[in-house]
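So you can see what is in the structure, the chains are spelled out below.
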Amino acid sequence: MMILNPAGEPAHARQLALPSVNGLGGRRIAVLTNHWAGMDRMAHRFRSRAQVLYGAASVELLDIPINGAMSDPVEQKVLQDADMAIVGLAN
């Protein structure tokens, strides 16, 4: 699993190619929201449609701070309980 976390890292440490996902069917999805109004609306809409339209097994909304990295407990929950995560930074 890959988690994109808004904590900076040196350019030389970044991977050039990102992994991709072939569909949401059967996947446990974590949506991390920083609670900007736009992100909350997107997160709730995604959660309401992901299972019905795309066959996701579950969608859980989790809180991340408005500025900075997610907490260690949230990161551990995502790593243990989700197959993929959508990190929202919308404003």
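No experiment lies behind these values; they were computed from the predicted model shown.

(A) Representation of the overall build of the protein chain in the model. Across its full length, the protein chain holds two helices and three strands. Listing each helix as α and each strand as β along the protein chain from the N terminus yields β-α-β-α-β. Here the protein chain holds 91 residues, and the buried ones make up 23% of them. Within the protein chain, contacts between residues separated by at least 24 positions form 75% of all contacts whose residues are at least 6 apart in sequence. Here the protein chain has roughly 6200 Å² of accessible surface; of this, 53% comes from carbon and sulfur atoms.

(B) Fine view of the pattern of salt bridges. Following the criterion strictly, the structure yields three salt bridges and no others. For Asp83, the salt bridge is made with Arg28, and the minimal N-O distance between the two is 2.9 Å. Taken together, the positions of Asp83 in the loop between helix 2 (72–81) and strand 3 (84–88) and Arg28 in strand 1 (residues 28–33) put the pair 55 residues apart, joining distant regions of the chain. Take Asp83: its relative accessible area is 32%, and that puts it in the partly exposed class. For Arg28, a relative accessible area of 32% puts it in the partly exposed group. Connected via shared salt-bridge partners are Glu60, Lys77 and Asp81.

Cut-off values and rules
- Residues numbered from 1 in each chain as written.
- Predicted model: local features only at pLDDT ≥ 70, side-chain atom pairs only at ≥ 80, totals over all residues.
- Heavy atoms only, no water.
- Helix = DSSP H or I, 4+ residues; strand = E, 2+ residues; numbered from the N terminus.
- Buried < 20%, exposed > 50% of the residue type's maximum accessible area, 1.4 Å probe, protein only.
- Contact = heavy atoms within 4.5 Å.
- Areas by Shrake-Rupley, 256 points an atom, 1.4 Å probe, with all protein chains shown as cover.
- Salt bridge = Lys/Arg side-chain N within 4 Å of Asp/Glu carboxyl O.

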